[in-house]
Amino acid sequence: MKLLTGNELRSGAVTWWTGNGWSIHVEDAADVGEHGEAILHAEEGARRVNAPYIIDALPTANGPRPAHIKDRIRALGPTVRADFSLKPADPAAGDWII
Amino acid sequence: MYKYDNYDQAIVDARVADFRDQVKRRIAGEITEDQFKPLRLMNGLYLQLHAYMLRVAIPYGTLDSTQMRMLAHIARKYDRDYGHFTTRQNIQYNWIKLEECADILEELATVEMHAIQTSGNCIRNISSDQYAGAAADEVVDPRPWAELLRQWSTFHPEFSYLPRKFKIAVIASSEDRAAMRLHDIGLELIRQDGELGARVFVGGGMGRTPMIAPEINPFVKADDLLSYLEACLRVYNRYGRRDNIYKARIKILIHEIGADEYRRQVAEEFAHVKTLGIDPPLAELERISAFFAPPAYDASDVEPDRSDPDFAVWLDQNVKPHKQAGYAIVNISLKPIGGIPGDATSAQIDVMADLAEKYSFDELRVTHAQNIVLPYVAKRDLYAVWQGLRDAELADANLDLISDIIACPGLDYCSLANARSIPVAQKIATRFADMDRQRDLGELKLKISGCINACGHHHAGHIGILGVDRKGVENYQLTFGGSGAEDVSIGKIIGPGFDEDGVVDAVEKATEVYKALRQGNERFIDTYRRVGMNPFKEAIYG
C-alpha cells in the first residue's frame, strides 16, 4: 500500500493523509493507491502539509506499517527518547520500529 | 569576550525582522516552500524528521553565562527542555515550531546571538580551539582572529552563494584540538622570526570524500591574512563545481587541479586583492583583541585536596593544565553512560552557566567533541565546581576515553541519516561503563556518523563507525586509524559491516587486541599504526 506523509507547515509535526484530512497517527493513514501525486500537489498547494512524499507501507491488523525504518521512526518518534514518542506510556512501542 | 557594536546589533536585529516577515509570508501562502527553504536555511532552520530544527551559532564556541542561560531559556520555552551541542561548536534544538522561530531569534538577539549562516552554501560558524586563551601551548590567543573572520564572513556579499558550504577553523597551538586540517580552510597561527602569521591549509573535509587539507602557504603574514583568505575563496567561488553537489566542496577542486595549481591561482588573485585594502588597520585588530584580554587572575598556585576519590579521578581525567599558575581548564563531559552525546537539559545548561559566572570569569566554551569547557577555574575552586557538576549529573570523568563518543543525531532525528547513531553510542558506552576499564584503555576517540555526510566525524575516529542503509536495514561499518588531531589521518574500513549489537562486539574485540599488543604508553591508535589492521581483522572476523 502507498501512504502520503509530510510535516505540518506551522509546527513541523509529522502528519499522515487519512483520505479526507491529516492525522499525526500513522494508524489513521489511508492507502492513496495511484492518487498520491494528485493529493500531494493539492494539499501542498493549499499549505495543509509541508514537504510531502509518498511511501510504501504494509497493512497490518494495527494499521499501516511504513516499509522503511526512517518512516517508522517518523511515525512514532525518536527511539532514544520514548518520552517524546506518540506512545510514551508504552515501553514496548519502540519494538514496532525495529 | 567580544561585545557587539551598534553595527553588529543592527544587522542581527534587521535579520530577525526580515525572517519574521518571511515566515509570515510563508504561512500566508505568499511564498512557496521552494522559495522559503533557502531563506529559512540561511537562518539555521531545517526541517528534520519530527519537526523543524534550529541551529544556533556559538561563534568559535565561546559564550558567557548570560548567553548560556538564554540557551536554556530557549530550550525550556520553545523546545522540549533540552538542547544538543554539535560537532561544530553550535547548539541545535530539535522540536521548533515555524511560527515561533522569529520569536526565538528575537530573544537570542538580545544576548548577541543568532542563527545566521549556520546553514546554506556560505561561510559557516568559525570554529577554534576550546582552550583558546587558556592553553599553555598557544602562540597567541586565536579568538581575536576567529572574531575577525566572523566579521569578515558575516553577510560577505561575494561568498553568500558559494558552490557549497564552507568551514574554517583557527588554532594557535601545535596540538590540534579543533580538527583543523579537516576543514575547508584550516589556519594555524604561528610566529616566524617573531612575526605573527598563519600556516594556511585548504581543501580538507570529511563527508563522502574525506581529505586532509594540504598546506597551501607555510606563512601568510597576519597583515595579509584576510586578503589571502579572500583570494582562496575567490578562486573556489570561480571554479568550484556548481554542476555536481557531490563535487562542489573546495577539497574536490583542489584535488582535481592539484594543490600547486590552486596555490598559483590564489597567489595571482592575492596580488590583486591586496590592492583593494580589505585587511583591517592595526587599530581595528587592537579593538577586537582588547575584548579578549586575559581575565584578572588572582589565585595562588595551590593544589586541590585529592582525598575524595571520585573527585581525584575527575581531576586526573577532565581537568587540564592552564597557562596561568593557580588555574586549570575544566572539561564538562556531556557523555553520561547510556546518555545522548551532546545533549544537556535546560537545568544542566543553567548549572553550567552558574558555575561559569561564579568560577570561570563568566566564560564557557563548546567543544567539537560535544562537551563544554570552563576555561578559567582557580585550582582552589575545583572541588566546588566538581560538586556543582556532580549534583547536576555532569561530572562524568571520561574525557577522551572510549565513552566520550562523538555521535551525530542520526536517524532518530536527522532527515539525511541512513542509520541511528545514538543507540550505538549508548550501547558502547554501557558496555564499557566500568571506569577502571575505560581508564585502562586510555585515550580512545570513538566517533559515529549515521550517514556518509560524517557529521559524527567517523573518518577522524581512532575507531569510527558509519551507519549505512542495507536494503532498509541499518548496518554499521567500522574504520580504524583516523585522527582529527595534529597526527591527522583518515580511518580505513576494516571489512564487512555489522548490525547494531555486532558492531558493539567488534569494538570490544578491537580493544582486547589493543590490550594484548600495546607497548609502553601506546594509545589504541599508536598500536594500530604500528601493527596494522590484520591482527584486528583476525580477531573481529575470525
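Scoring rules and cut-offs
- Residues numbered from 1 in each chain as written.
- Chains lettered and ligands numbered in written order.
- Predicted model: local features only at pLDDT ≥ 70, side-chain atom pairs only at ≥ 80, totals over all residues.
- Helix = DSSP H or I, 4+ residues; strand = E, 2+ residues; numbered from the N terminus.
- Rg over C-alpha atoms; globule rule 2.2 N^0.38 Å.
- Contact = placed C-beta atoms within 7 Å.
- Buried ≥ 20, exposed ≤ 12 C-beta atoms within 10 Å, placed from the backbone.
- Domains from an automatic or database assignment.
- Nonpolar A, V, L, I, M, F, W, Y, C, P; charged D, E, K, R; others polar.
- Axes fitted to C-alpha atoms, helices over the stretch in contact; angles between N-to-C directions.
- Parallel < 35°, antiparallel > 145°, perpendicular 65-115°, else oblique.
- Left-handed = near helix turned anticlockwise from the far one by under 90°.
- Core = buried A, V, L, I, M, F, W, Y, C linked by C-beta atoms within 7 Å.
- Pairing = 2+ DSSP bridges.

**Q** How do you make sense of the overall build of chain B when you look at a structure like this?
**A** Helix and strand content of chain B: 17 helices and 20 strands. Taken against the 2.2 N^0.38 rule, which gives 24 Å for 542 residues, the C-alpha radius of gyration of chain B at 23 Å falls within 12% of a compact globule. Projected onto the principal axes, the alpha-carbon positions of chain B cover approximately 60 × 60 × 55 Å. Summarising the internal contacts of chain B: among those between residues at least 6 apart in sequence, 67% fall at separations of at least 24.

**Q** What am I meant to see in the overall build of chain A here?
**A** Of regular secondary structure, chain A possesses two helices and five strands. In chain A, the succession of α and β elements from N to C terminus is β-β-β-α-β-β-α. At 13 Å, chain A has a C-alpha radius of gyration in line with the 13 Å of a compact globule built from 98 residues. Viewed in the frame of its principal axes, chain A has a C-alpha envelope of about 40 × 30 × 20 Å. In chain A, which comprises 98 residues, the share counted as buried stands at 33%. Counting only contacts in chain A whose residues sit at least 6 apart along the sequence, the fraction spanning at least 24 positions is 45%.

**Q** Is there a simple way to explain the domain arrangement of chain B in this structure?
**A** How big an interface is tends to be stated in terms of accessible area lost as the parts join. Residue and element names in this part refer to chain B. Under the domain assignment used here, chain B contains domain 1 (6-109), domain 2 (134-290), domain 3 (309-391) and domain 4 (406-541). One C-alpha centre belongs to domain 2, the other to domain 4; they are set 30 Å apart. In terms of residue class, the side of domain 2 that touches domain 4 is made up of five nonpolar, two polar and four charged.

**Q** Please clarify how unusual backbone geometry should be interpreted in this entry.
**A** The bulk of non-glycine residues show a negative phi, and the bulk of peptide bonds are trans. Look at Ala-51 of chain A: it is not a glycine, yet its phi comes out positive at around 50 degrees. Structurally, the position occupied by Ala-51 of chain A is in strand 4 (residues 50-60). For Ala-51 of chain A, a count of 14 C-beta atoms within 10 Å translates into the label partly exposed. We note that Asp-81 of chain B has phi near 75 degrees; this positive angle belongs to a residue other than glycine. Structurally, Asp-81 of chain B is set in the loop between helix 3 (65-78) and strand 4 (82-85).

**Q** How should the environment of Thr-60 of chain A be read in this particular structure?
**A** Residue and element names in this part refer to chain A. The residue Thr-60 is located in strand 4 in this model. We classify Thr-60 as exposed; it has 10 C-beta atoms within 10 Å. Along the sequence, Thr-60 and Met-1 sit 59 residues apart, while their C-alpha atoms lie 11 Å from each other.

**Q** I'm lost on the packing of helix 15 (residues 500-517) of chain B against helix 17 (residues 534-541) of chain B in this one. Help?
**A** Each pair of packed helices can be described by the angle between their axes along with the distance between the axes. Residue and element names in this part refer to chain B. Here helix 15 crosses helix 17 at 135 degrees, and the two axes come no closer than 9 Å. By the angle class used here, helix 15 and helix 17 are oblique. Handedness of the helix 15/helix 17 crossing: right-handed. Residues Ala-506, Lys-509, Ala-510, Glu-512, Val-513 and Leu-517 of helix 15 form the contact with helix 17, whose participating residues are Pro-535, Phe-536, Ala-539 and Ile-540. When the residues that make up the contact of helix 15 with helix 17 are grouped by side-chain class, the tally is eight nonpolar, no polar and two charged.

**Q** Would you take a moment to explain the environment of Ala-248 of chain B for this structure?
**A** All names here are of chain B. In this structure, Ala-248 sits in the loop between helix 6 (225-239) and helix 7 (250-257). Note: C-alpha distance between Ala-248 and Pro-163 (85 residues apart in sequence) is 5.6 Å. Residues contacting Ala-248, with those up to four places away along its chain left out, are Pro-163, Arg-164, Gly-240, Arg-241 and Arg-242.

**Q** How should I be thinking about the nonpolar core in this particular structure?
**A** Where a protein is soluble and globular, its nonpolar side chains tend to be buried together. All names here are of chain B. Val-170, Val-200, Val-202, Cys-232, Ile-428 and Val-503 are the most contacted members of the largest nonpolar core, which totals 110 residues. Counting residues per element, this core draws most heavily on helix 6, at nine residues. Formed jointly, this core draws a minimum of three residues from each of two domains, domain 2 (134-290) and domain 4 (406-541). In this structure, Val-202 is in contact with Ile-185, Ala-213, Ile-216, Cys-232, Ile-250 and Ile-254, ignoring residues within four places of it in sequence.

**Q** Any chance you could explain the interface of chain B and chain A here in plain terms?
**A** Between chain B and chain A, the contact holds 22 residues from the first and 21 residues from the second. Breaking the side of chain B that touches chain A down by element, the ones donating at least two residues are helix 4 (98-109) and helix 13 (422-431) of chain B. Of the residues contributing to the side of chain B that touches chain A, the split by class is twelve nonpolar, three polar and seven charged.

**Q** It is not clear to me how the sheet that holds strand 15 (residues 372-378) of chain B should be interpreted in this structure. Could you clarify?
**A** The strands making up a sheet are joined through hydrogen bonds of the backbone, oriented either antiparallel or parallel. Residue and element names in this part refer to chain B. One open sheet accounts for five strands, arranged 3-14-15-12-11; its pairing is antiparallel. Among the strands making up the open sheet, the edge pair consists of strand 3 (62-64) and strand 11 (319-321). The mean angle between the axes of side-by-side strands here comes to 30 degrees, regardless of whether they run parallel or antiparallel. Here strand 14 (residues 363-366) pairs with strand 15 via two bridges, running antiparallel. Bridge pairing links Arg-365 to Val-373 in strand 15. Packing of helix 11 (residues 346-359) onto the sheet brings it into contact with strand 12 (327-332), strand 14 and strand 15, and relative to strand 15 it is tilted by some 25 degrees.

**Q** What is the right way to look at the pairing of strand 1 (residues 2-7) of chain A in this model?
**A** For a regular strand, side-chain orientation follows a simple rule: the groups alternate between the two sheet faces. All names here are of chain A. Counting buried positions over the six residues of strand 1 gives five, a clear majority of the element. Inspection of the sheet shows strand 1 paired to strand 4 by five bridges, in the antiparallel sense. Opposite Leu-3, over in strand 4, you have Ile-55 as the bridge partner. Alignment of strand 1 against strand 2 (residues 14-17), held across three bridges, turns out to be antiparallel. Pairing of Thr-5 across the sheet is with Trp-16, part of strand 2. With antiparallel pairing between neighbouring strands as the criterion, strand 1 and strand 2 make up a hairpin whose turn holds six residues, including Gly-12 at a positive phi of roughly 80 degrees.

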